[in-house]
Amino acid sequence: MSDLVAYSEKANAWLESVAAEFGRSARKGLSEAEDLALGRRYLKARFDAGYAGINWPTEYGGQGLTHIEKVAFETEEMKFGMPTAYFGISLGMPVPIMMKFGSDQVFAKERVLKALQGEEIWCQLFSEPAGGSDLAGLRLRAEQDGNGWKLNGQKLWTSWAQYSDYGVIVARTDPTVQKHKGLTYFWVDMKAPGVTVRPIKLAGGDSHVNEVFFDDVKLTDDHRMSPVGGGFAVAMATLMIERYVATDSAGFGPHLDLFISLAKEVEVNGRPAIEDGRIRQAIARNYAMRNGLDAITARAMLMMQAGMEPGAEGSLNKLVSVRSRQRLSEMAIDLQGPGGAHFDEHAPVKENWQTSWINAPTGRIAGGADEMLLNTIAERILGLPQDYRPDKAVPFNQIPA
Amino acid sequence: MSLLYDEGQQAIATESRRVLEARVQTDQLLPLLERQGEFHRPFWDTAREQGWTALALPEAYGGLELGLVELGLIALQAGRSLSGAPFLTSSFGAARAILDFGDDALRGHWLPLLARGEAIGAIAFAEGQSPLPANPTVKFSGGKLLGVKDAVSAALHADVAVVLAMNDSGPVLAIASLKDVERIGFNTFDNSRCIADLAFNGAPATVIAQGDAALDAAQHILALQAVITAHEQTGGAEVLMERARDYANTRRAFGQTIGSFQSVKHRIAEIYGLVELARAGALHAATREGHADFLKAAAAARIQATEAYDTAARDCVQVHGGIGVTWEAGLHLHMRRARTLAMEQGNMLFWEDVLVNELAGENA
Ligand SMILES: Cc1cc2nc3c(=O)[nH]c(=O)nc-3n(C[C@H](O)[C@H](O)[C@H](O)COP(=O)(O)OP(=O)(O)OC[C@H]3O[C@@H](n4cnc5c(N)ncnc54)[C@H](O)[C@@H]3O)c2cc1C
């Protein structure tokens with residue numbers, strides 16, 4: 001047995017041992033506040049068990065292992081439906097960035113430890129009304145204010161801002177230079193005067209994203225995490241830092257087995273659905289696709305273990321899997337006949353076709369819209385030319401609105 | 001075959017669009033998603049007041065003696081505005097069942113009420129996954145119905161239902177008043193469809209067709225409704241195409257409108273193709289009523305329209321980026337409606353089979 005297999009098995013055994021307390025069934029019927037509280041307790045337990053910050057340095061409370069063990073643990077953890085969603089972005093991007101770029105490392109260490117134990121949550125304040133796919137189009141201003149800075153403007157789509165203690169933020173410090181060059185990166189205290197968080201309700205009924213308004217929010221200069229005007233590079237580093245994550249070839253929707261069970265239970269026009277050619281094709285095609293994605297992931301793990309860089313094909317997962325989850329969920333609803341209209345907006349997306357379907361579009365937009373992922377593949381991997389960009393080489397304040 | 005709309009038909013389209021756009025707003029529809037048993041009253045009041053409930057019924061019963069083409073035009077506009085209740089289609093289906101297969105007593109009682117919109121009709125054929133079960137489990141014996149019909153649209157408010165049931169010798173199609181029938185409502189992703197299970201516990205009913213004729217009659221009613229629904233789906237897809245276009249023409253990224261990106265532009269142009277195919281197919285089907293190829297035309301229209309609306313819903317949201325998935329922007333009203341319309345009166349899998357059966361039968 002390889003070390004990694006042993007590691008996974010041990011992790012799985014620990015997860016099994018706490019599943020009744022924190023897992024899927026323990027979470028049924030909880031309010032969001034209760035679920036969040038459970039999540040905080042789970043993170044504490046995970047920390048105590050030695051499965052927090054797996055690939056982070058030990059002096060920051062991590063385990064000092066590699067991203068291989070981290071991905072292996074996450075892969076096991078995903079099976080249990082633990083209440084980790086509130087902390088996913090926090091521990092995925094802002095906190096490691098703080099660890100890497102925070103100027104006051106004593107403070108940073110304190111934050112990292114609290115975040116790992118579920119006591120504090122960080123959010124990522126990048127997107128704005130005018131800066132989504134085009135992140136560098138953002139407008140929130142940071143102006144020099146004595147020795148420090150003053151923030152004014154609005155962020156949009158900030159996941160979990162309503163529960164966050166801190167956030168990382170990109171602001172425009174110089175509108176007279178090209179759009180990428182006038183940005184600076186800071187961390188902010190979400191409880192500071194002048195910060196207002198307003199939840200936005202999404203199509204599926206939940207409200208985990210927010211608008212965040214900044215009204216003369218003052219920062220001392222030690223909040224700055226990039227050179228003045230060098231914020232875009234740190235923003236890119238933030239988006240890249242989680243390169244090695246557990247993937248889900250089900251597109252974060254239900255496992256294909258659930259579709260197969262459904263097809264075995266129901267009929268299509270008087271015949272078992274599982275014998276219907278269209279259903280068989282959908283199953284076969286989805287299986288083949290997911291099989292391919294899983295094999296890409298497995299190979300990436302092998303490459304990492306061998307000390308090599310995984311290939312660019314890993315970027316396909318979200319693009320391919322979420323799109324097909326959307327279609328498969330529609331078909332599963334169809335298979336249920338008129339009764340497919342039954343709806344429980346709180347049903348977990350990994351177990352319910354209706355919530356999987358209604359929430360699928362967010363997966364095709366959040367974390368990079370499909371079109372942007374395709375652009376990245378075309379331009380970065382394949383070397384195809386970029387689209388015409390009239391805003392290139394133009395000072396930000398002269399780009400026609 | 002198709003047809004060119006005449007002046008009267010064009011006036012129906014323009015007028016119904018004008019009145020619906022004035023009276024139905026997204027912010028009135030959104031709260032209905034979270035309330036069981038409610039529908040958009042201004043929509044239904046408008047439908048009654050404008051005579052849409054009477055449109056395709058004979059004058060003898062207070063109808064306006066127009067047909068599928070005209071009712072289709074209304075449904076298309078209703079689809080654009082997200083019709084606030086399923087009753088226009090469900091009542092039309094019930095009325096046609098009574099008109100085409102019922103006796104004078106049934107007609108004389110129900111048709112004037114349905115024409116005035118004072119009664120609401122529902123179609124209760126489906127059981128489990130099957131839109132048209134050949135051996136329904138709901139029993140008809142001694143003039144009474146026993147058993148449960150699952151997830152019937154409009155059932156929470158309907159006064160009369162056309163029920164596909166089973167007696168000793170085979171399937172029957174029966175008309176039942178729902179006065180004393182239990183309605184078991186539940187939460188759905190599109191609550192203004194007023195969906196409920198109907199539990200018949202000895203409700204009296206009148207048979208209008210038996211044996212194979214009952215199944216044929218039921219199939220015919222579904223086909224008539226499918227043509228109306230195909231128009232409604234076309235309207236929904238059309239308005240989504242327009243919203244995607246308008247957004248792509250105004251939303252800016254990378255120093256240009258996002259409509260200048262070919263992937264966005266082509267996505268919207270593809271919706272256009274689907275909408276026009278759906279529109280043409282729906283109108284064609286509306287003109288084929290009474291002809292031997294009606295079922296085929298209805299099935300084709302339904303398939304094309306379902307594809308158009310589901311795709312337009314997916315793609316219009318995608319073109320909107322984050323805004324597309326907010327509650328307030330309301331595009332999910334269309335996502336939800338696209339799915340409910342895809343499921344009512346038989347889903348894609350059903351109509352594909354109907355169509356292929358027709359085509360294969362022709363070849364035999
Ligand atoms: C559920 C959810 C959670 C999120 N959480 C966070 C968060 O925590 N922090 C944060 O900062 N942001 C967050 N976001 C924001 C997310 O990153 C943006 O929504 C996303 O980048 C798209 O930006 P946009 O919404 O402005 O859409 P737009 O950029 O306006 O895109 C609209 C459409 O145009 C297309 N398009 C744009 N540019 C091009 C191009 N060059 N070529 C082809 N097509 C193009 C897009 O693909 C899309 O279809 C979240 C979003 C969602 C939906």
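For the structure, see preceding data.
Summary of the structure given here.

Parameters at a glance
- Residues numbered from 1 in each chain as written.
- Chains lettered and ligands numbered in written order.
- Predicted model: local features only at pLDDT ≥ 70, side-chain atom pairs only at ≥ 80, totals over all residues.
- Heavy atoms only, no water.
- Helix = DSSP H or I, 4+ residues; strand = E, 2+ residues; numbered from the N terminus.
- Rg over C-alpha atoms; globule rule 2.2 N^0.38 Å.
- Contact = heavy atoms within 4.5 Å.
- Areas by Shrake-Rupley, 256 points an atom, 1.4 Å probe, with all protein chains shown as cover.
- Buried < 20%, exposed > 50% of the residue type's maximum accessible area, 1.4 Å probe, protein only.
- Lys, Arg positive; Asp, Glu negative; His and termini not counted.
- Charge placed at Lys NZ, Arg CZ, Asp CG, Glu CD.
- Near = heavy atom within 4 Å.
- Polar contact = N/O pair within 3.5 Å; in protein donor to acceptor, adjacent residues only side chain to side chain.
- Salt bridge = Lys/Arg side-chain N within 4 Å of Asp/Glu carboxyl O.
- Axes fitted to C-alpha atoms, helices over the stretch in contact; angles between N-to-C directions.
- Parallel < 35°, antiparallel > 145°, perpendicular 65-115°, else oblique.
- Left-handed = near helix turned anticlockwise from the far one by under 90°.
- Nonpolar A, V, L, I, M, F, W, Y, C, P; charged D, E, K, R; others polar.

Before going further, it helps to examine the overall build of chain B. In terms of regular secondary structure, chain B is built from 11 helices and nine strands. Taken over C-alpha atoms, the radius of gyration comes to 20 Å for chain B, in line with the 21 Å a tight globule of 364 residues would show. With the principal axes as the frame, chain B shows a C-alpha extent of 75 × 50 × 40 Å. Counting contacts in chain B only where the partners sit at least 6 residues apart, residues at least 24 apart contribute 76% of the total. Roughly 13,200 Å² of accessible area belongs to chain B as shown, and the carbon and sulfur atoms make up 50% of that amount.

A few words now on the overall build of chain A. A count of helices and strands for chain A gives 13 helices and nine strands. Taken over C-alpha atoms, the radius of gyration comes to 22 Å for chain A, in line with the 21 Å a tight globule of 401 residues would show. For chain A, the proportion of its 401 residues judged to be buried stands at 50%. In chain A, of all internal contacts separated by at least 6 residues, the share reaching a separation of at least 24 is 72%. Summed over all atoms, the accessible surface of chain A reaches about 17,800 Å², with 55% contributed by carbon and sulfur. Of the side-chain charges in chain A, 43 are positive and 50 negative, and the distance between the mean point of each set is 4 Å.

Quick look at the site of the ligand now. Near the ligand lie 29 residues; those nearest to it are A:Ser133, A:Ser159, A:Glu371, B:Arg251 and B:Gln318. More than a single chain frames the ligand: its nearby residues are located in chains A and B. Residue A:Ser133 places a side-chain N or O atom 2.6 Å away from an oxygen atom belonging to the ligand. Contact distances for the ligand include 2.9 Å between a nitrogen atom and a backbone N or O atom of A:Trp157. Broken down by secondary-structure element, the contributors of at least two residues to the shell around the ligand are α13 (370-381) of chain A together with α8 (262-287) and α9 (294-320) of chain B.

Attention now moves to the pattern of salt bridges. Counted by the stated rule, this structure contains 46 salt bridges over all chains. Here A:Arg111 ties to A:Glu120 by a salt bridge, and the two come within 2.7 Å at their closest N and O atoms. B:Asp104 is the partner of B:Arg107 in a salt bridge, and the nearest nitrogen-oxygen pair spans 4.0 Å. Within this pair, B:Arg107 and its partner B:Asp104 are both found in helix α6 (residues 104-116), separated by three residues, close to a single helical turn. A relative accessible area of 22% places B:Arg107 in the partly exposed class. Residue B:Asp104 is classed as exposed on the basis of its relative accessible area, which comes to 60%. One network of salt bridges, in which partners are shared, links B:Arg17, B:Glu21, B:Arg80, B:Glu238, B:Glu242, B:Glu276 and B:Arg279.

Residues and elements named next belong to chain B. Close contact between helix α7 (residues 211-250) and helix α10 (residues 331-343) brings their axes to 11 Å; oriented N to C, the two are set at 155 degrees. Accordingly, the angle class assigned to the pair α7 and α10 is roughly antiparallel. Crossing of α7 over α10 shows left-handed handedness. Along the contact surface, α7 presents Thr 229, Glu 232, Gln 233, Gly 236, Val 239, Leu 240 and Arg 243, while α10 presents Leu 331, His 334, Arg 337, Leu 341 and Ala 342. Considering only residue class, the contact of α7 with α10 consists of five nonpolar, four polar and three charged.

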